[in-house]
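Residue-level listing of the chains:
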Amino acid sequence: MNIKPKIYQRVLASALLITATAAAFPVSAQEKTADPLMKIYRETPARINDLIHTKLDVRFDYKKRYLYGKEWVTIKPHFYPTDTLRLDAKGMDIKTVALVKNGKNTPLKYKYDNLSLAIKLDKVYENTENYTIYIDYTSKPDELKIEAGAAITDAKGLYFINPDSTEKGKPVQIWTQGELESSSTWFPTIDQTSQKTTDEISMTVPGKYVTLSNGRLDLQKKNADGTRTDTWKMELPHSPYLFMMAVGDFKIYHDKWRNKEVNYYLEPKYAPYAKEIFGFTPEVIEFYSKILGVDYPWNKYSQIVVRDYVSGAMENTTATLHGTYVQGTSRELADRYYDAGRSTIVHELFHQWFGDYVTAESWSNLTVNESFADFSETLWAEHKYGQDTGDDHNNEALESYLRSPEAAKKDLVRFHYHAGIDVFDVVTYQKGGRILNMLRHYLGGPAFFKGLNIYLKANAFKAGEAQQLRLAMEEASGRDLNWFFNQWYYGAGHPLLDINYKWDETTHTESVYLNQNQEGKAFILPMAVDVYTGDKAERRHVWMRSKADTLTFKLSTKPNLVNVDAEKIILSKKTDHKTLEELLFQYQHAPLYMDRYEAIDAAAGKQSDPTAQKILLAALNDKYYGLRLKTLNTLDSASATLNEAALPTILNLAKTDDNNLVKAAAIHVIGISKGAEQQESLFREGLKSQSYAVAGASLSAMANLKPADALPFAKSFEKDSEGNLTNAIISVYAKSGGDAEWPYVYGKFNEAGPQEKFDMVKDVIFMTAHIPNPVYAQQGINALKDLGIKYKANGFAPQLIQVLNQIKQVRQQMNDTASANLTDEAVKQINDAK
């Protein structure tokens, strides 16, 4: 699963207050204090019975939002003889439980507590004996109340989207979400990751709809009542949480990898762009198959995009389900490079090996699923887009982890947690991915990927854990890795690495002082150190084993640079006391993205310094667009000297850069700079761009320059606006619009995905507070309330309540009592939400 933690962290860092002051949001929900559930050791569930085959025959009641199901589940004892069976079955009506023998159903005694089904078998079964249970049941997901979390915002398992067609413009769909243990909301099963079963699912649906499930489409049968029954067969075993169904009006684009089906399911609006959205999938399958030495193990790979998805994406075996943020038109995709959508696509695909082919034996060991999928995003970035893109993605993930202070308290393999969903966090994803990147560098690529091959083959179609990964890596490399796994997998935190330098001219000795300033243990850190004398670098390999260490280098002359962690892969919070002159040298001579990033980052805080200005001016022409973009975003408009020197370069970027995001950022800088009025022609030309990012930046610049002109421009863009252009239009309306503009703002806000909502929420809040029409104000209040409830688990509620109280004060000043009272009710509902 890809929960897109980066999205949620950007979400929670949004500035929301009406007064335009920044509200800093926590990255995750507040730490639960004295939580008795944290004291429970989360052992791997005992395997009493094993699933063998699951056969389902289901139909849907769109009006009631029910699933009517019949199930034949074949099981055997795992090892010890038993005469009982317990199946997870949440919120169902159970009508029949029977043993199937010789073609006859013999009723069995059972007890049902609304969460699990305890069945008394007809005899004691040995582990050499299979038995089949028949169950007739009704699933009622909308009547089920189960705790969800920050990563997956709902846990009812089966979702009816607009089933009564009351929401204009929204399609009717059905889809499922099995992770963590929600498949058992729509069919009784042993809902544990360590279970593996083949399956057959028959879905009876309206004849106009398309279906998708795991495996191959075996049969389609038209029924006399206008429905159709599709039967899907999954002939290799996989875990119950990876079962999936989807039903709706989808267009299918048929692709292939070697001789296997690769399919893309999209709403009709996006069907023409299927190849642009997903067309690189076969290339990724080929790349992953080669580096792992294990060919894609399943008979097909399909991807489907659904509405109102409750997380980022889900790696159902052979059939990944995506949220809408991965799709786009040609105009939208032109502004996306290695973005959240493309990284999600490769993330979910890697799960077909790590998660589906070999599955974490319990949520405590989720790292063997999600850390690998997170790491795979970097692998693909390096392969497809180059080392700079891979390093950029790697660093973004590291910073996401470091921004979460509570994360440093959590082990990667976690046997204590409040609920399983809590393990889906920046430790499992971003930190875990960086740990794998360190391991790849420490062992070297060939040994690392040989270890992955051993792990996959040894545990194929079974469950795995971190210790099995360690043993595979040791077998491949011949090295003991207990120290590495004890430190990074079974320990918490990271080093706070402080680096100082001293040159002794008398002895011609360069001393490098390394200190780990974190509390507790020292981390063992193998690292590369590059010592530069002139243009020549000499690499040394060293180990830091204590909290303080000193490296000494006898040299003929003072080095231009000593580059500690020259490969830039140590998972640490680093404070490096290089001078700006050394960082300028580093920018000019050291080879990696992070070498240049570190120099830009340091220079950004000292923009009046001439050496810092040299770094920033050079970085405006960096070979990698991400660093050009970073530099533009860090320029201080108050630094007159820098701006004067940089303006010709920035103008050139705005006019000729081959990256739309860089062009847009350059236009933004020019638009807020002194003398912007001289560039009106640039902004007007940008308004004609096919790039939403460039057009949006140009509209914002025009709004700063000529607010009266910006409003009609914004109106003219309404019919074709997405992304940054939508945000710019809403920003113009927040400053200059009124009742006439609210329907556009409200409509776009309701249609937006999570990240898009938070990109525009500040302006929506301002309009909600100040819009003349009380009805519109109340629409805004309710929309903000819904947002607060949905993301309450992310720690969003306290700040949104503060915002609602500010809106109340403004509406009271406008004598709008009804809206002011509604804010009180909204606050109450947010506080009461679970």
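Analysis parameters
- Residues numbered from 1 in each chain as written.
- Predicted model: local features only at pLDDT ≥ 70, side-chain atom pairs only at ≥ 80, totals over all residues.
- Heavy atoms only, no water.
- Helix = DSSP H or I, 4+ residues; strand = E, 2+ residues; numbered from the N terminus.
- Rg over C-alpha atoms; globule rule 2.2 N^0.38 Å.
- Buried < 20%, exposed > 50% of the residue type's maximum accessible area, 1.4 Å probe, protein only.
- Contact = heavy atoms within 4.5 Å.
- Areas by Shrake-Rupley, 256 points an atom, 1.4 Å probe, with all protein chains shown as cover.
- Lys, Arg positive; Asp, Glu negative; His and termini not counted.
- Charge placed at Lys NZ, Arg CZ, Asp CG, Glu CD.
- Axes fitted to C-alpha atoms, helices over the stretch in contact; angles between N-to-C directions.
- Parallel < 35°, antiparallel > 145°, perpendicular 65-115°, else oblique.
- Left-handed = near helix turned anticlockwise from the far one by under 90°.
- pLDDT = per-residue confidence, 0-100.
- Expected span 1.5 Å × (residues − 1).
- Core = buried A, V, L, I, M, F, W, Y, C linked by side-chain atoms within 4.5 Å.
- Pairing = 2+ DSSP bridges.
- Phe/Tyr/Trp six-rings, centres within 6.5 Å; stacked < 30°, edge-to-face > 60°.
- Lys NZ or Arg CZ within 6 Å of the ring centre and 35° of its normal.
- Nonpolar A, V, L, I, M, F, W, Y, C, P; charged D, E, K, R; others polar.
- Patch = residues over 30% accessible without salt bridge, like charges linked within 9 Å, V, L, I, M, F, W, Y side chains within 5 Å.
- Salt bridge = Lys/Arg side-chain N within 4 Å of Asp/Glu carboxyl O.

The number of helices and strands found in the chain is 26 helices and 29 strands. The C-alpha radius of gyration computed for the chain amounts to 29 Å, which stays within 12% of the reference 28 Å derived for 834 residues, consistent with globular compactness. Reported as C-alpha extents along the three principal axes, the dimensions of the chain are approximately 90 × 70 × 55 Å. The burial tally for the chain puts 59% of its 834 residues in the buried class. Relative to all contacts within the chain whose residues are 6 or more apart in sequence, the contacts with residues 24 or more apart total 69%. For the chain, the computed accessible surface area is about 33500 Å², with 50% contributed by carbon and sulfur atoms. Once the 98 positive and 104 negative side-chain charges of the chain are each reduced to a mean point, those two points are 3 Å apart.

A few words now on the packing of helix 9 (residues 445-458) against helix 10 (residues 466-477). Put simply, helix 9 and helix 10 touch, their axes get as near as 8 Å, and they point 130° apart. Relative to helix 10, the element helix 9 is oriented oblique. Handedness of the helix 9/helix 10 crossing: right-handed. Taken together, the residues of helix 10 that come into contact with helix 9 (itself represented by A447, F448, K450, G451, L452, I454 and Y455) are Q468, L469, A472, M473, E475, A476 and S477.

Turning to the confidence of the model for the chain, a few remarks are in order. Overall, the prediction assigns the chain a mean pLDDT of 94, with 95% of residues at 70 or greater. Predicted confidence is poor over residues 5-32, with pLDDT under 50, and the contacts of this stretch with residues over four places away or in other chains come to 81 contacts.

Let us look at helix 16 (residues 640-656). When the terminal C-alpha atoms of helix 16 are compared, their 24 Å separation across 17 residues agrees well with the 24 Å that a helix rising 1.5 Å per residue should span. L642, N643, A646, T649, I650, L651, L653 and A654 are the residues of helix 16 that are buried. In this structure, the buried side of helix 16 is in contact with helix 14 (610-619), helix 15 (625-634), helix 17 (660-671) and helix 18 (680-686).

Below, the discussion takes up unusual backbone geometry. A cis amide bond, omega 10°, links E179 with the succeeding residue L180. Topologically, L180 is positioned in the loop between strand 10 (173-176) and strand 11 (197-206). Despite not being glycine, N102 shows a phi value in the positive range, around 55°. Since its relative accessible area comes to 75%, N102 is described here as exposed. Located in the positive-phi region is H508, a residue other than glycine, with phi close to 55°. Here H508 shows up in the loop between strand 23 (496-504) and strand 24 (509-516).

Quick look at the nonpolar core now. Membership of the largest hydrophobic core comes to 90 residues, with the highest contact counts inside it found for F484 and Y489. When residues in this core are grouped by element, the largest group, 7 residues, is from helix 9. For F484, the contacting residues outside a window of four places in its chain are I435, M438, L439 and Y489. Y597, A728, Y733 and A734 belong to the second largest nonpolar core, which has 88 residues in total.

A regular strand carries its side chains on alternate faces of the sheet. Burial along strand 20 (residues 319-322) is two-sided: A319 and L321 facing one way and T320 and H322 facing the other are all buried. As defined by bridge partners, strand 18 (residues 300-305) adjoins strand 20 across 4 bridges and the pair is classed as parallel. Bridge pairing links V305 to H322 in strand 20. Here strand 19 (residues 313-314) pairs with strand 20 via 2 bridges, running antiparallel. What sits directly across from M314, in strand 20, is L321.

Throughout the structure, instances matching the rule amount to 51 aromatic pairs. Plain terms: the ring middles of F448 and F449 are 5.2 Å apart, the flat faces sit at 80° to each other, and that makes the pair edge-to-face. According to the relative accessible area criterion, F448 is buried, its value standing at 0%. With relative accessibility at 17%, the residue F449 sits in the buried group. Site record: aromatic cluster; members linked through ring pairs are W257, F280, F287, Y288, Y296, Y301, F350, W353, F354, F372, W380 and Y455. For K123, the ring lying beneath its charged end belongs to Y125, and the centroid distance is 4.9 Å. K521 extends its terminal NZ or CZ atom over the ring of F523, reaching a point 5.1 Å from the ring centre.

One can describe the packing of helix 15 onto helix 17 by two numbers: an axis separation of 9 Å at closest approach and a directional angle of 15°. Between helix 15 and helix 17, the crossing angle belongs to the class labelled roughly parallel. As for how helix 15 packs across helix 17, the hand of that crossing is left-handed. Counting all contacts with helix 15, which are made through Y625, R628, L629, L632 and N633, the residues of helix 17 involved are L661, V662, A665, A666 and V669. For the contact of helix 15 with helix 17, the residue count by class is 8 nonpolar, 1 polar and 1 charged.

Before going further, it helps to spend a moment on the sheet that holds strand 14 (residues 227-238). What the 8 strands build is an open sheet, ordered 5-4-8-2-1-11-14-13; its pairing is mixed. Edge positions in the sheet fall to strand 5 (104-107) and strand 13 (216-222), since each has one partner strand and no second. In this sheet, adjacent strand axes meet at a mean angle of 20° when their direction is disregarded. Bridge analysis of strand 13 against strand 14 gives 6 bridges, and the strand direction is antiparallel. Bridged to K221 within strand 14 is T229.

A cluster of like positive charges, contributed by R59, K63, K64 and K95, occupies part of the molecular surface. Here R59 shows up in strand 1 (residues 49-61). The class of R59 is partly exposed, set by a relative accessible area of 48%.

What follows deals with the pattern of salt bridges. Scanning all chains against the criterion turns up 54 salt bridges. Note that R684 is salt-bridged to E680, the shortest N-O span being 2.8 Å. Of this pair, R684 and E680 both sit in helix 18, separated by 4 residues, roughly a single helical turn. Assessed through its relative accessible area of 32%, R684 is described here as partly exposed. In this structure, E718 engages K715 in a salt bridge whose closest nitrogen and oxygen atoms are separated by 3.7 Å. Judged by its relative accessible area of 23%, E718 falls in the partly exposed class. Looking at K715, the relative accessible area reads 37%, which means it is partly exposed. Through salt bridges with shared partners, a single network forms among R216, D218, K233 and E235.

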